[in-house]
Amino acid sequence: MAGCLKASENLQAENLPSASIHLNGQAPKLPSPGNVLLKLLAHSIAMFTLPFFSYYIVKDFVEKEFGIEHPKNYIFGAVSSIIMVQIVIFSYVYQAFKEEQIAKKVKAASKRE
C-alpha cells in the first residue's frame, strides 16, 4: 500500500510544471472568481468601517488621555482615519499584485509544456 502511495505521488510530481513548483512542492493556483469577489467584499467592508472606528476611537482616546479639546482632537481622529484608508488600499493592491505574479508564473509554466 505504501508503494502505491509513493508511486502516485511521483506521478503527480512529474505532471507538475517545474517552473511553478514552490518550496512546499505544490503548484500555485489561480484564485477562483468567488475568492476574488470575497476579497473585494472584505476590502469594501474594511474601507467603510475601519476609518470610522479609528476616527472615533482615536478622537476619544486623545480627548480622555491627553486632555486635548475641540478642534484639535478631531484632527488626530481624521489623520488616523486617513492612515487606515491608506492601509486598506495598500492591502488590496498588494494582494492583487501577488495574484498577478502567480498568474504570470502559471502562464509561463504552461507555455513551457
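This one's a predicted model, so the numbers in the text were calculated from it and none came from an experiment. (Residues numbered from 1 in each chain as written. Predicted model: local features only at pLDDT ≥ 70, side-chain atom pairs only at ≥ 80, totals over all residues. Heavy atoms only, no water.)

**Quick notes on the overall build of the protein chain**
Here's step 1: Summing up its helical and strand segments, the protein chain has 3 helices and 0 strands in all.
Here's step 2: Along the protein chain, helices (α) and strands (β) appear in the sequence α-α-α when read from the amino end.
Here's step 3: Across the 113 residues that make up the protein chain, the buried fraction comes to 15%.
Here's step 4: Of all intrachain contacts in the protein chain linking residues separated by at least 6 positions in sequence, the fraction that spans at least 24 positions is 62%.
Here's step 5: When the accessible area of the protein chain is evaluated, it comes to approximately 8,900 Å², of which 68% is carbon and sulfur surface. (Helix = DSSP H or I, 4+ residues; strand = E, 2+ residues; numbered from the N terminus. Buried < 20%, exposed > 50% of the residue type's maximum accessible area, 1.4 Å probe, protein only. Contact = heavy atoms within 4.5 Å. Areas by Shrake-Rupley, 256 points an atom, 1.4 Å probe, with all protein chains shown as cover.)

**Observations regarding helix 3 (residues 72–112)**
Here's step 1: The terminal C-alpha atoms of helix 3, which comprises 41 residues, lie 61 Å apart, in line with the 60 Å expected from a rise of 1.5 Å per residue.
Here's step 2: Three or more residues of helix 3 are buried, namely Asn 73, Gly 77, Ser 80, Ser 81, Val 88, Glu 99 and Ala 109.
Here's step 3: Where the residues of helix 3 are buried, they touch helix 2 (33–66). (Expected span 1.5 Å × (residues − 1).)

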